[in-house]
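What the coordinates show
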Amino acid sequence: RYQSLFWACLGIAAVLIYIGLMTESSNDYNDIMKSFPEIGIYGNIPEDEFSTFSNCTLAEFPEDGWTDEIRATADVDFNPIKDCDRSFSTFTILGDNGTVWMNSTKQGAENVVCKARTIFHKGEREVTYGQWSTVLNSASREIFNSDFVHTSCHTKDNETNIDEEFIHMQIWKEENNSTESEEKTKDERPSVFILVLDSVSTTQALRSLPKTIAMMREEFDVVNMRHLNKIGENSHPAAVASLIGKLMTDCDRGVFGMKKEPADWNETYACYHYLDDEPFIVKEFTKFGYKSLMAEDWATGVFNYPNCWGFKNQPTTHYNRPFQQHYEKDGEKSRKFMGIDQCFEPHTFLFNYMSKFINVYKDSPKIGFLWPVDLGHDDTDKVFHFDDQLLDWFKQHKEVMDKSYVFLMGDHGKRYGKTRGTWIGDREVSNPMLFVSVPKNVRKSINPILKKNSDQLMTHFDTYASLVDILNKNSQKGGVFNPQNLRGNSYFRPFPEGERSCRTLPIPFQFCLCEWDKTKSERSNLNKEIGDGAVTQLNKKLIEEKIAERCEAYTLKETHDVLIYDQGNGVTEINFVTEECGAEFRALVRVYRMRDDRLNVSLISNEFARRNAYGNTAKCMEDRPYLRPICCCRDRPKE
């Protein structure tokens with residue numbers, strides 16, 4: 001009898017404990033549900049959220065860019081050219097005056113026959129070649145009048161045995177063709193150098209380029225404009241904003257107390273029209289008498305990826321696209337002799353080209369624009385070894401840089417990879433680096449302004465406005481460049497009084513660096529409900545963009561984080577993963593509690609930020625590149 005009574009009491013206790021737990025769970029769920037505003041079918045969404053989102057607190061970070069999480073994953077000793085052949089030399093030599101001859105000091109030169117030809121620009125994806133000429137032991141009679149001279153050497157007795165393929169660089173000036181001599185007045189206007197390191201953020205630069213930054217601070221009093229906020233998912237909108245001054249993505253802020261800000265260009269127009277007549281800032285400097293150079297280390301450049309038109313005609317005085325087109329088209333042969341085994345990395349050629357440009361036009365105002373992509377795009381650790389290279393380059397040109405405006409900048413932070421999931425890595429993706437130095441003779445007046453502005457939120461449009469400011473300040477004969485609808489403010493002048501936040505600047509909210517108080521939801525059922533709602537909105541976007549026939553409909557695999565904005569009227573940030581392609585997304589949604597306690601999930605920002613690589617799984621979207629991040633192609637390669 002006592003045994004039966006024991007089991008009965010135990011059973012009652014278990015039931016009571018279960019009811020208690022369920023009640024507690026229900027209360028927790030209800031408490032969270034109450035944090036979402038109630039709205040019925042005919043309810044009204046509150047529109048005025050000025051008090052919450054007009055404030056912009058900007059996070060501070062370690063001065064050296066390091067955190068414990070980053071230290072645990074970084075390989076600071078990684079160096080792809082550590083064991084390269086530093087004694088390598090070519091069989092051919094390109095002289096300063098466009099002549100070519102054999103390098104008789106190179107071992108084996110007596111056993112090879114070499115020929116040379118020029119490479120010329122024809123279009124963004126085409127080149128033309130001059131006639132082949134045999135290279136002799138003495139300087140050639142023929143003058144190779146191009147920036148790029150292709151030489152090819154083969155064994156004397158075997159033409160199919162290629163001993164070397166190389167592309168020599170020079171800065172060929174058109175006036176070299178002129179037989180007339182004219183006396184020129186030295187033009188002392190300051191030069192401008194824009195160096196964009198792809199996918200490098202402010203904090204990554206601090207930890208990856210410490211020697212270079214220390215030198216620039218000591219020698220050039222460079223200022224870290226540390227709160228630059230990206231304005232688009234990838235490089236294309238960043239380039240269009242910072243170099244052309246155009247907005248490519250609508251900024252819809254109606255729910256935050258401001259009206260929608262329409263884009264200047266839609267993505268189709270940005271891609272499928274020639275940019276020759278657009279206010280590309282490097283070309284504008286050229287119009288005002290500056291010598292100009294533009295160089296990228298990939299044949300499909302930032303204005304062309306993946307199949308955009310770019311420029312119909314060469315946009316700058318010197319343009320490395322012919323080099324890159326040949327180098328990648330003939331890659332297997334060229335890279336055998338122009339690769340990391342010989343200490344040549346893709347960015348090596350860009351900085352070599354720029355050095356020649358600086359030396360040739362030492363008495364002329366110049367604007368040089370480099371964008372190395374390969375260096376930092378895919379691997380955080382690859383940037384570490386570049387610190388010594390960049391430091392040496394700045395030391396080599398210290399005298400010129402001391403008299404110039406220098407922009408060392410990024411387009412965005414690392415979007416993928418091992419740092420992406422850390423706290424600082426999550427911020428870095430929206431916080432590209434920007435270090436600015438000005439000519440020595442104006443530092444005393446400008447640097448206090450730069451340093452004050454560096455405490456505030458800014459965008460790539462401010463970079464464009466700053467370049468316009470430099471151009472107009474240094475134009476000749478009172479000429480003025482006045483682009484329409486200038487969206488930014490010059491760094492070199494005090495920012496206008498008033499709010500600088502993601503409400504007032506053209507920054508889509510999913511990329512916003514402003515910090516607001518948020519509460520993390522730990523309720524798995526609730527998180528799944530919100531995740532399902534976000535996926536529904538994502539699938540709606542596929543339909544709206546008319547790509548649902550090409551892209552898989554998504555289903556929720558798991559929800560990583562749900563962060564509810566305090567006093568945000570249901571504004572919620574969600575990070576989730578889909579079953580299809582293992583795609584990771586971040587979205588900003590508004591969650592409303594219906595009168596029957598169901599949740600209504602609507603999309604606030606028009607964009608879903610992709611948090612992991614998509615590669616060939618989005619290949620079907622090459623004709624609509626801006627939609628690649630959200631597409632998991634039905635005809636993708638098998639996983």
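Residues numbered from 1 in each chain as written. Predicted model: local features only at pLDDT ≥ 70, side-chain atom pairs only at ≥ 80, totals over all residues. Heavy atoms only, no water.

Scanning the model with the defined rule gives 32 salt bridges in all. Note that K403 is salt-bridged to E399, the shortest N-O span being 4.0 Å. Taken individually, K403 and E399 each receive the classification exposed, so the pair is uniform in this respect. Linking K619 and E622 is a salt bridge whose minimum nitrogen-to-oxygen distance equals 3.2 Å. The class for K619 is partly exposed, based on a relative accessible area of 47%. When its relative accessible area of 34% is taken as the criterion, E622 is described as partly exposed. Each of D426, K518, E573, R586 and R611 takes part in a single network of salt bridges with overlapping partners. (Salt bridge = Lys/Arg side-chain N within 4 Å of Asp/Glu carboxyl O. Buried < 20%, exposed > 50% of the residue type's maximum accessible area, 1.4 Å probe, protein only.)

This brings us to the pairing of strand 14 (residues 366–371). Consecutive residues of a regular strand have side chains that alternate between opposite faces of the sheet. For strand 14, the tally of buried residues reaches six of six residues, placing the bulk of the element in the interior. A two-sided burial pattern is seen for strand 14, the buried positions comprising K366, G368 and L370 on one face and I367, F369 and W371 on the other. Bridge count between strand 9 (residues 192–196) and strand 14: four bridges; the pairing is parallel. Along strand 14, the bridge assignment pairs L195 with L370. Both strand 12 (residues 291–296) and strand 14 contribute to a ladder of six bridges, which runs parallel. (Helix = DSSP H or I, 4+ residues; strand = E, 2+ residues; numbered from the N terminus. Pairing = 2+ DSSP bridges.)

This part takes up the pairing of strand 5 (residues 126–129). Note that strand 4 (residues 112–123) and strand 5 share four bridges and pair antiparallel. Its bridge partner being in strand 5, I119 is matched across the sheet by Y129. Taking the residues between adjacent antiparallel strands as the criterion, strand 4 and strand 5 are bridged by two residues.

All right, on to the state of the cysteines then. If you walk through the whole model with that rule in mind, you get eight disulfides. Bridging C84 to C343, the disulfide has an S-S length of 1.9 Å. Here the disulfide of C84 and C343 is right-handed, its torsion about the S-S bond being about 95°. Remark: C343 occurs in the loop between helix 10 (331–337) and helix 11 (346–360) and C84 occurs in the loop between helix 3 (68–73) and strand 2 (92–94); sequence separation between them is 259 residues. Taking relative accessible area as the criterion, C84 reaches 11% and is therefore assigned buried. One disulfide in the model links C581 with C632; its S-S distance is 2.0 Å. The chirality of the disulfide connecting C581 with C632 is right-handed, given an S-S dihedral of about 75°. Here the residue C581 occupies a position in the loop between strand 21 (571–578) and strand 22 (584–593), and C632 occupies one in the segment after strand 24 (609–610), the gap between them amounting to 51 residues. (Disulfide = S-S within 2.5 Å.)

For the rest of this paragraph, the subject is the packing of aromatic side chains. Applying the stated criterion to the full structure yields 30 aromatic pairs. An angle of 45° between the planes, with centres 5.1 Å apart, marks the rings of Y274 and W309 as tilted. Here Y274, found in the loop between helix 7 (267–271) and helix 8 (281–287), pairs with W309, found in the loop between strand 12 and strand 13 (318–319); they are 35 residues apart in sequence, far enough to count as distant. Here the aromatic rings of F285 and Y290 are separated by 4.9 Å at their centres, their planes lie at 85°, and the arrangement is edge-to-face. Owing to a relative accessible area of 0%, F285 belongs among the buried residues under this scheme. Between the NZ or CZ atom of K115 and the centre of the ring of W132, over which it lies, the distance is 4.5 Å. Over the ring of F495 we find R500; its NZ or CZ atom is 3.8 Å from the centre of that ring. (Phe/Tyr/Trp six-rings, centres within 6.5 Å; stacked < 30°, edge-to-face > 60°. Lys NZ or Arg CZ within 6 Å of the ring centre and 35° of its normal.)

The subject of this paragraph is the confidence of the model for the protein. This prediction gives the protein a mean pLDDT of 88; 89% of its residues lie at or above 70. This model gives residues 21–29 a pLDDT under 50, and the stretch forms four contacts once residues within four places in sequence are excluded. With pLDDT under 50 throughout, residues 40–45 is counted as low confidence; its partners more than four residues away or in other chains account for eight contacts. (pLDDT = per-residue confidence, 0-100. Contact = heavy atoms within 4.5 Å.)

Time to look at helix 15 (residues 443–453). For helix 15, the set of buried residues is R443, I446, N447, L450 and N453. Down the axis, helix 15 shows its buried residues gathered within 125° of arc, on one side only. Exposed positions of helix 15 whose direction lies more than 90 degrees from the buried face are K444, P448 and K452. Among the structural elements, helix 5 (210–220), strand 10 (223–224), strand 15 (405–409), strand 16 (434–437), strand 17 (458–459) and helix 16 (460–473) are those in contact with the buried residues of helix 15. (Arc of directions from axis to C-beta.)

What follows concerns the side chain of D147. Following the sequence through the fold, D147 ends up in the loop between strand 6 (133–134) and strand 7 (148–155). Here D147 is buried and forms no salt bridge, its nearest opposite-charge partner K356 lying at an N-O distance of 10 Å. At a separation of 2.8 Å, a polar atom in the side chain of D147 contacts the main-chain amide nitrogen of W172. Within the local environment of D147, its side chain forms a polar contact with the side chain of H318, the two groups lying 2.8 Å apart. (Lys, Arg positive; Asp, Glu negative; His and termini not counted. Polar contact = N/O pair within 3.5 Å; in protein donor to acceptor, adjacent residues only side chain to side chain.)

Tracing the sequence through the fold places I119 in strand 4. Sequence-wise, I119 and H150 are 31 residues apart; in three dimensions their C-alpha atoms are separated by 6.8 Å.

Quick look at helix 12 (residues 386–396) now. Among the residues of helix 12, those classed as buried are F386, D387, L390, L391, W393 and F394. Seen end-on, helix 12 carries its buried residues on one side only, within an arc spanning 160°. Of the exposed residues in helix 12, those oriented more than 90 degrees away from the buried face are K395 and Q396.

Once that is clear, we can look at the packing of helix 5 against helix 12. Their axes nearest at 7 Å, the elements helix 5 and helix 12 cross at an angle of 25°. Taken together, helix 5 and helix 12 sit at an angle that is classed as roughly parallel. Each of P210, K211, T212, M215, M216 and F220 in helix 5 lies in contact with helix 12, whose residues at this interface are D387, D388, L390, L391, F394 and K395. Among the residues making up the contact of helix 5 with helix 12, the classes are represented as seven nonpolar, one polar and four charged. (Axes fitted to C-alpha atoms, helices over the stretch in contact; angles between N-to-C directions. Parallel < 35°, antiparallel > 145°, perpendicular 65-115°, else oblique. Nonpolar A, V, L, I, M, F, W, Y, C, P; charged D, E, K, R; others polar.)

Quick look at the sheet that holds strand 10 now. Taken together, the seven strands give an open sheet; going across it, the order is 10-16-15-9-14-12-13, and neighbouring strands pair in mixed fashion. Bordering the open sheet on either side are strand 10 and strand 13, each of which pairs with just one other strand. Contacting strand 10, strand 15 and strand 16, helix 5 crosses the sheet at an angle of about 25° to strand 16. In the packing of helix 16 onto the sheet, the strands contacted are strand 9, strand 15 and strand 16, and the crossing angle to strand 15 comes to about 165°.

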